[in-house]
Amino acid sequence: MLIFNFIVRLKSIIVLIIFVLVSFQSFSQSGGLIWSKDGSSYYRIQKEGVVQYTLPANDSKVLFSKEQLTPTGRNEPLQVSYFTFSQDEQKVLLFTNTKRVWRINTKGDYWVLNMATGTLQQIGETMPEASLMFAKISPNGAQVAYVSENNIYVEDLSTSKIKALTTDGSTTLINGTFDWVYEEEFYCRDGFRWSPDSKSIAYWQIDARDTKKFFMVNNTDSVYSKIIPIEYPKTGETPSSCKVGVVNIENAKTTWMDIPGDPRQNYLVRMEFIPSTEKLLIQQLNRKQNESKLFVSEPKTGSSKVIYEEKDAAWINVYVQENYKYDVYFTNNFIWLNDGENILWVTEKDGWRHLYNVSLEGKREKLITNGAYDFIDLKYIDYKNNIVYFMASPNNATQSYLYKTKLDGKGKLELVSPKALQGTHSYNVSPTGAFAIHSFSNHYTKPASEIISFQNHQPINAQYGIEANLSKLQEKPKVEFIKVATAEGVEMDGWMVKPTNFDASKKYPVVFYVYAEPGRATVIDTYGTVNDRNYIGNMADDGYIYISLDNRGTPSPKGREWRKSIYRNIGRLNIKDQAMAAKEILKWDFVDPERIAVWGWSGGGSTTLNLMFQYPDIYKTGISVAAISNLLTYDNIYQERYMGLPQENMEDYVDGSPVTYAKNLQGNLLVIHGTGDDNVHYQNAEILVNELVKHNKQFQFMPYPNRTHGIREGEGTTKHLNTLFTNYLKMYCPPGGR
């Protein structure tokens, strides 16, 4: 997860220079900041309680204190992790005692603080401790709905009476939330929505009863092993059934939406009530994820009709706003225009990722962001002035800037971010567009943030703005951004860190850091972009050249062809690009071709294996962490999106799997995996080990008992892994110039 530190000096002004490990992304709930409804102030959880800061003076006051957060009969205040307001901002929903489910903490206890009376009321008091999920106050402020143990409940705030709206929930029949694979691949977690009139709730139901279980084994917590089952649809396996229902609050009866198509061969990835109506808008993806349909559904009857369709020869991405996807309350809602008559839609159908205005009433769509560039992320819509603000970077795919254009599609592209700040920007805009948190860094400028007046992009106090303090933030560049062109004419962005006491007359070892799959890019112009977190010490000081490259197929803003050329080619095209670029680097006079190492985690672990096996003449040492060794072992949503159905093109899966080439190992290989990995299962390591043993290939192997995909649980784990990583690299790829 991203690490956020916001250092505030509270008087009449605010100091907004922030030093963090990675670039600032958002002051969302998880970052500790919530905007007021009118956008004139923001709230933060602090040691004295929840504090309100009023702009532009940035005056502060305690909105509710530790004493107000202390329930009757207790001595300690609630440890609030997140909070939300009712629509009238008279009630505050507090999320406490949270527990991790899959990626983030989505279970816990909820309390309601009445702003008028100052009273605290626990919600779901009779439910199991820390079992409530996604509690939301109804639009009229009278009730709270939540999920507990895969059923949906509603609670009357005046009487504390709890009513079950669903009763069939179980481990495998999931109401109001999602299974592992929906959360991991679509960011779907919060699975229900209040109707605008507070009389009903629309919700997802996932039926995973026919989904096969994958069994993990805990051998260490007792003298007898414990089996840990997880419903996990491997690639090629039929997806879980999914449907949307609307339950009436009064009688607890559900009407199911009649969405055409086999519910076990399609995904429902987005659903929301259309503003000012009682109807639903639902997005369906087919199993291959190359066809998308939007349905308008009638909750009273369940009848549905298609109002928009899209197809792609490869796959269709579900756009997710970066600021919010790791928030507890992330819902991936539609972006509404004209009070629900239109939506803002993101598509790549003209070869670039662009914004369109799509009508729900069958009118012709309008292209908004016109040009040979990619829209990256939406930031704000100024309806009054017909302007949309968004992130893009037409000239440098490693950076990101705020741009604007006319919402009606008739405007030109205009840069909003300061020209003097070349690098990566981020914005968290207040609901009314009056103010924003603006953040910036690049590879030689420490991350800094400022509160700006959004319309003119000026800091509320110029003395403490980013540009005014730029000289204090900048340092001598340690990272060099490079471009490497392969013999096939593929130009790849990269970064390189040379040894601290570099001597061009000597030859140095190279360590390549890789990911190389559609999941993410590694070459981003931000401070701290160099990922050597597993190395104890400093690679540059010790005498390594450290390099990372983004091949075709990585999600860089370089157009559809760049990103989707990897379709059905994971394990081949990306591996070839990396190896061909490495060949060019090996021609450099100061590179020692006998000391070439590569490492990566997850998809990067898979890339490491493929590079070691397919190009043993280049890569001499590899460290692979939590890798997929056989593409058939990973989940169906991710793998089928990028590789197609194995029933139709099994040869692509075989040709892209590292295990296919394991017999070619010549160099030094360290394999690391957690036995409790619920994402990339430990079976991948054992499949690989069997194949390497079969061919008498010598290697080193480190399993971490019961550790998950991040291999961070347990006392001493991180230190042990880092020590293992560092010692192995130094032993088999010795540092220093020769």
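What you see is a predicted model; the values in this text were computed from it and never measured.

1. Digging into the pairing of strand E8 (residues 120-123)
With four bridges joining them, strand E7 (residues 105-114) and E8 adopt antiparallel strand pairing. Bridge pairing in E8 links Trp111 to Gln122. Turn length for the E7-E8 hairpin, with the two strands adjacent in sequence and antiparallel, is five residues, and the turn residue Gly118 shows positive phi of about 75 degrees.

2. Section: the packing of aromatic side chains
Describing an aromatic ring pair means giving the distance of the ring centres and the angle of the ring planes. In the structure shown here, the tally under the stated rule is 38 aromatic pairs. Note on Trp599 and Phe725: the rings are 5.1 Å apart at their centroids and 80 degrees apart in plane angle, and the pair reads as edge-to-face. Remark: Phe725 occurs in helix H10 (residues 717-732) and Trp599 occurs in strand E40 (residues 591-601); sequence separation between them is 126 residues. Judged by its relative accessible area of 2%, Phe725 falls in the buried class.

3. Here's the deal with the UniProt feature "domain: Peptidase S9 prolyl oligopeptidase catalytic" (unreviewed entry) in the chain
In the numbering adopted here, UniProt assigns the feature "domain: Peptidase S9 prolyl oligopeptidase catalytic" (unreviewed entry) to residues 539-723. Annotated as 39% helix and 18% strand, the span residues 539-723 places its first and last C-alpha atoms 14 Å apart.

4. Some words on helix H6 (residues 603-614)
Given a rise of 1.5 Å per residue, twelve residues ought to cover 16 Å, and the 16 Å separating the end C-alpha atoms of H6 matches this to within 8%. Taking burial as the measure, the twelve residues of H6 include eleven buried ones, the bulk of the element. Along H6, the residues classified as buried are Gly603, Gly604, Gly605, Ser606, Thr607, Thr608, Leu609, Asn610, Leu611, Met612 and Phe613. Buried residues belonging to H6 abut helix H5 (573-585), E40, strand E41 (621-625), helix H8 (646-656), strand E42 (668-674) and helix H9 (683-694).

5. Some remarks on the environment of Thr172
Here Thr172 lies in the loop between strand E12 (162-164) and strand E13 (173-175). As for Thr172 and Asn150, which are separated by 22 residues in sequence, their C-alpha atoms are 8.8 Å apart. Contacts of Thr172, omitting those with residues within four sequence positions, involve Ile206, Asp207, Ala208, Arg209, Lys213 and Glu231.

6. Digging into the side chain of Asn58
With respect to the helices and strands, the residue Asn58 is situated in the loop between strand E3 (49-54) and strand E4 (59-65). The class for Asn58 is buried, based on a relative accessible area of 1%.

7. With respect to the environment of Met539
With respect to the element layout, Met539 can be found in helix H3 (residues 539-542). Judged by its relative accessible area of 2%, Met539 is buried. Remark: the alpha-carbon pair of Met539 and Thr500, spanning 39 residues in sequence, is separated by 8.8 Å. Beyond its immediate sequence surroundings of up to four residues, Met539 is in contact with Val511, Asp532, Tyr544, Tyr546, Phe725 and Leu729.

8. A word on the pattern of salt bridges
Two side chains bearing opposite charge may form a pair once their charged atoms approach each other closely. Evaluation of the coordinates by the stated rule reveals 29 salt bridges. Linking Arg563 and Asp374 is a salt bridge whose minimum nitrogen-to-oxygen distance equals 2.7 Å. Taken together, the residues Arg563 in helix H4 (residues 560-564) and Asp374 in the loop between strand E27 (366-367) and strand E28 (375-382) connect sequence positions 189 residues apart. The class of Arg563 is buried, set by a relative accessible area of 3%. For Asp577, the salt bridge is made with Arg552, and the minimal N-O distance between the two is 2.8 Å. Taken together, the residues span a long stretch of sequence, with Asp577 in helix H5 and Arg552 in the loop between strand E39 (545-550) and H4 at a distance of 25 residues. Arg552 sits in the partly exposed class, given a relative accessible area of 21%.

What counts as what
- Residues numbered from 1 in each chain as written.
- Predicted model: local features only at pLDDT ≥ 70, side-chain atom pairs only at ≥ 80, totals over all residues.
- Heavy atoms only, no water.
- Pairing = 2+ DSSP bridges.
- Helix = DSSP H or I, 4+ residues; strand = E, 2+ residues; numbered from the N terminus.
- Phe/Tyr/Trp six-rings, centres within 6.5 Å; stacked < 30°, edge-to-face > 60°.
- Buried < 20%, exposed > 50% of the residue type's maximum accessible area, 1.4 Å probe, protein only.
- UniProt positions renumbered as here; feature names shortened; annotations may be inferred.
- Expected span 1.5 Å × (residues − 1).
- Contact = heavy atoms within 4.5 Å.
- Salt bridge = Lys/Arg side-chain N within 4 Å of Asp/Glu carboxyl O.

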